[in-house]
Every structure is written in structure tokens, then in C-alpha cells.
Amino acid sequence: MRASKLSAAALRRAGMALAAVVAVTTGAATMSASAAAPLTVAAALSAQDGRSAAVTGYIVGQPTATNTVIKSGFTGDTAFAIADSAAESSTSRMLYVQVTAAYRSAFGLQSNPGLMGRSVTVTGTLTAYFSHGGLKDPTAMSLTGSSPAPSASPTGSGGPYDNTYYASAIGKTGSSLRTALHNIIKVQTKITYDQVWEALKVTDQDPNNAGNVILIYSGRSQSKSTNGGGVNDWNREHVWPQSHGSFGTATGPGTDLHHLRPEDVTVNSTRGNKDFDLGGSTVSEAPGNYTDADSWEPRNAVKGDVARMIMYMAIRYEGEDGWPNLEMNNSVNGSVPYLGRLSVLLQWNLQDPPDTFEKRRNQVIYDSWQGNRNPFIDHPEWATAIWGG
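In short, a report on the structure. Note that this is a predicted model, so its numbers are computed, not measured. (Residues numbered from 1 in each chain as written. Predicted model: local features only at pLDDT ≥ 70, side-chain atom pairs only at ≥ 80, totals over all residues. Heavy atoms only, no water.)

## Looking at the overall build of the protein chain
When helices and strands are tallied, the protein chain shows 11 helices and 17 strands. The contacts in the protein chain between residues at least 6 apart in sequence include a share of 63% that link residues at least 24 apart. Carbon together with sulfur atoms contributes 54% to the accessible area of the protein chain, which is approximately 16500 Å² in total. (Helix = DSSP H or I, 4+ residues; strand = E, 2+ residues; numbered from the N terminus. Contact = heavy atoms within 4.5 Å. Areas by Shrake-Rupley, 256 points an atom, 1.4 Å probe, with all protein chains shown as cover.)

## Let's talk about the environment of Ala102
Checked against the element boundaries, Ala102 lands in helix α3 (residues 101-107). When the C-alpha positions of Ala102 and Thr139 are compared, they lie 9.4 Å apart, and in sequence the two are 37 residues distant.

## A few points about the sheet that holds strand β13 (residues 281-282)
Strand order in the open sheet formed by four strands is β12-β15-β14-β13, and the pairing between neighbours is mixed. This sheet does not close on itself; its edge strands, each paired only once, are β12 (275-276) and β13. Here β13 runs beside strand β14 (residues 290-291); their pairing, made up of two bridges, is antiparallel. Counted as the bridge partner of Ser281 is Thr291 from β14. (Pairing = 2+ DSSP bridges.)

## Some details on the sheet that holds strand β8 (residues 209-214)
With antiparallel pairing, the three strands of this open sheet are ordered in space as β7-β8-β9. The open sheet has two edge strands, β7 (205-206) and β9 (221-223), and neither has a second partner. Alignment of β7 against β8, held across two bridges, turns out to be antiparallel. Paired with Asp206 across the bridge in β8 is Asn209.

## Focus: the pairing of strand β6 (residues 134-143)
By the bridge criterion, two bridges tie strand β4 (residues 94-98) to β6 in an arrangement that is parallel. Note that in β6 the partner of Val97 across the bridge is Leu135. Sheet topology note: the strand β5 (residues 119-126)/β6 ladder contains six bridges and is antiparallel. Each bridged residue has a counterpart across the sheet, and for Val120 the counterpart in β6 is Leu143.

## Describing the side chain of Thr203
With respect to the secondary-structure elements, Thr203 resides in helix α5 (residues 193-203). What makes Thr203 buried here is its relative accessible area of 0%. In terms of polar contacts, Thr203 uses its side chain to reach the side chain of Asp204, at 2.6 Å. Apart from the residues lying within four places of it in its own chain, the contact partners of Thr203 are Phe357, Arg360, Arg361, Val364, Ile365 and Trp369. (Buried < 20%, exposed > 50% of the residue type's maximum accessible area, 1.4 Å probe, protein only. Polar contact = N/O pair within 3.5 Å; in protein donor to acceptor, adjacent residues only side chain to side chain.)

## Some remarks on the nonpolar core
Formed by 46 residues in total, the largest nonpolar core has its most connected members in Leu181, Phe276, Val306, Ile310, Met328, Phe376 and Trp387. At nine residues, helix α7 (residues 303-316) tops the list of elements feeding residues into this core. In this structure, Val306 is in contact with Ile216, Tyr217, Val239, Phe276, Pro298 and Leu345, ignoring residues within four places of it in sequence. By size, the runner-up hydrophobic cluster in this structure holds 23 residues, among which are Val41, Ile82, Val99 and Leu115. (Core = buried A, V, L, I, M, F, W, Y, C linked by side-chain atoms within 4.5 Å.)

## Quick notes on the environment of Ala199
Counting through the fold element by element, Ala199 comes out in helix α5. Residue classification places Ala199 among the buried residues on the basis of a relative accessible area of 0%. On a C-alpha basis, the gap between Ala199 and Ser368 in space is 8.9 Å, while along the polypeptide they are 169 residues apart. Beyond its immediate sequence surroundings of up to four residues, Ala199 is in contact with Ile191, Leu257 and Trp369.

## Quick notes on helix α8 (residues 342-351)
Looking only at α8, the buried set comprises Leu342, Val344, Leu345, Leu346, Trp348 and Asn349. As for α8, its buried residues are in contact with β12, β15 (295-297), α7, β16 (327-328) and α11 (382-387).

## Some thoughts on the pattern of salt bridges
For the structure shown, the criterion picks out 15 salt bridges. Arg341 is paired through a salt bridge with Asp277; the nearest N and O atoms lie 3.0 Å apart. On the criterion of sequence distance, the pair formed by Arg341 in the loop between β17 (338-339) and α8 and Asp277 in the loop between β12 and β13 is long-range, its members being 64 residues apart. (Salt bridge = Lys/Arg side-chain N within 4 Å of Asp/Glu carboxyl O.)

## Some details on the packing of aromatic side chains
Aromatic ring pairs: the centre-centre distance and the angle between the two ring planes describe each pair. On inspection of all chains with the given rule, the structure shows 10 aromatic pairs. An angle of 75 degrees between the planes, with centres 5.0 Å apart, marks the rings of Tyr165 and Tyr166 as edge-to-face. A single burial state applies to Tyr165 and to Tyr166, both of which are buried. An angle of 75 degrees between the planes, with centres 5.5 Å apart, marks the rings of Tyr165 and Tyr366 as edge-to-face. Within this pair, whereas Tyr165 is found in the loop between β6 and α4 (174-185), its partner Tyr366 is found in helix α9 (residues 356-369), the two being separated by 201 residues in sequence. Using a relative accessible area of 14% as the deciding quantity, one classes Tyr366 as buried. Every member of this aromatic cluster is reached through a ring pair, and the members are Tyr161, Tyr165, Tyr166, Tyr366 and Trp382. Sitting above the plane of the Tyr193 ring, Arg236 keeps its charged end 3.6 Å from the centroid. For Arg316, the ring lying beneath its charged end belongs to Tyr317, and the centroid distance is 4.4 Å. (Phe/Tyr/Trp six-rings, centres within 6.5 Å; stacked < 30°, edge-to-face > 60°. Lys NZ or Arg CZ within 6 Å of the ring centre and 35° of its normal.)

## Some words on α5
Listed as buried for α5 are Tyr193, Val196, Trp197, Ala199, Leu200, Lys201 and Thr203. For α5, the secondary structure elements touched by its buried residues are β7, β8, β10 (234-238), β11 (260-264) and α9.

Structure below.
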């Protein structure tokens, strides 16, 4: 009997030990599963098969189209893009993340622009979003790291391109800054004058009506399809007039999108090749603009836009590429290749800082057309650092 009882006790002890082993093993398996490292963005882009997964990456912008991610001037809280590098600029290496209602107050970029550059872990379904590699229907979102340390920038407030695109310019002023920026922005894809038509339909699209463009001086929203030479059509305004650089419409400064904008044909003709200055009579077809015999004053909402376009041209075209050395001066109707009035343009740059429309336009030109940026939109303070105030 005793032997039988010992056997039973031994069996009970063995059973308890086995249960403990099973529990420990199961717990270890559970802990292993929960602690599994999240996917990188590169791995997530290669696994677009509907599986649920956690992905960690840096927030690099807001996707607005298949190949477009804006870095500032955010228009909504419904999506953000992440990448394996906080400085990533290629949309092909970004994962587009849907931000559903439950997460928008904390993770929407329009409401929380300070999230740019932060590391985040998101869990959801790996599937196409904006016809691009994406993660939809999130079940968890959390910040997983601190912001990357910003680079020192004595001449600026910092920006997402300071560690990459502008790396050679950061910390410089005066002629050194000017030379550095020229060497950066002169690297660009050049387009034809015919391509300008299609580009302007994208760069200057009305944010409230995708079928229209916004005309720079009149501010009118007009159908994209009404481009041409008719009285009420819109055409291609050279903000730096062709005659102030003898470049015409040939590929180069004559087709550089950073100073080309849509405008009503007759308003464009009225502006002609006038320099920029204050005063004059009201332009009847473009209220808020003023003109006299030798100058043009644009409406307040685009004064800074005009100034920064002119500044871009003065830095981009330095007498290389077979084109004249474009320069700003403090005169009106000055000789080629000058354009004024410098003191007024510097004033306008301060008076009208870059807005959402201007920032988006700069990004679209960079991402989809020319591959170069207008540095004075990213860093308006660089105008004073180069030309004084």
C-alpha cells in the first residue's frame, strides 16, 4: 500500500512539475512573441500582403498623393509617412500610415507638427495606401524615441533638410552662404517650356479645387484647362522677366519653375517686365496690385512669394550654364541682368513669411519636377544673412 501511495504522490509531483514547465514555456513563448522586434520600414514595404505587424520608423511628412509627401504646411491629420531615416526624401523608401479617428488628436501632423522627425511604432495592416506601400487600420501607435538632435544653425531655425540637402550651407553667412547655396541648388533637372504648362497645373493647384490653379497676382481660382493665349486664359508669368536676363523661354532660367507662376493673360501683359516696388495705381483686373510706368507692387498675400522667387533666381544663376549672372539691385528699370528693388524685396520677405501654399509648391517642385529647392522658402532668414536688412 505504501509503495502504491508513494507512486501516486510521485505522480502528483511529476504532474505539477510538468504543468509548471508548460506554464513557463508558454509564458516564455508569449513574452517572446510580444517582444518581437518591430519591422523596419524597408521590411514593411517588402511585406505588403495584408498581414498585421508593428513597424518602427521616423515621421518624415504627410502623404498627399502617390509620389508626394509634404514636409510642412500640413493639410490634415489623416496620414503620415515614416522612413528608416529622419532625413529621408525619397517617397520610394517611405511607408504611408493611415491615422484613424482614434489617433488623430495625438498623431495627426496638422495638429502636431512637432512630430516631424520623431520615432514612432505603429501596428496595423500592411497594405497599399495612396496606391503606395502602406499601413492601414492601426491598432496601436506610440512614440519610441526622442527627436534626432538638431544640427547647429546660427543663421536659421532649423529644418528637415538641414542635415542633408543644406548640410554644406548650415552655419554660414554672407558670401560663403551664397556660394554654398548656389552649389546646392544649381543641381537640378531642367524641363522644357511645354512641360511648364503641365507642371504649373500641379505646383499651383487650388487646395480647395483640384481642377483649378491659383493665379499669382489676381488670386483668382481658374480652371486648369483654360491655359493659353486668349483674353481670359491664364499663361506662364516669368516673375523674373525674360528681358531682365535675355533668357527667353529656352530651357534654363526661362523654364525654371521656381519663378514661373500662372496668371491671367492681360494681367501678365500689364505687369510686363516691370521691376518690383511700392506704389502706383490699382490694377483693375487684379485688385490689391498696383502699377506705374516702371514698377509693379503685388498683392500683400504674395509679396513674400515674389521676393523669395527673385532671391532664388539671383543665387541660382551666377553666370554659369551659358546664362547671365542675374542680380538684384536697388533700382527700377535697370540694365540687364538686374532686377529691383532690393530694399523693397527684403522688406516683403519679412512682411509675408512662407505660407502653406508656397511651402507645398516648393516641395512639389523638389519631389516631382526639378529636384532642387528654393532655400529662401525653407530659411527666409538667409535673405538677411546674404543681403543684409
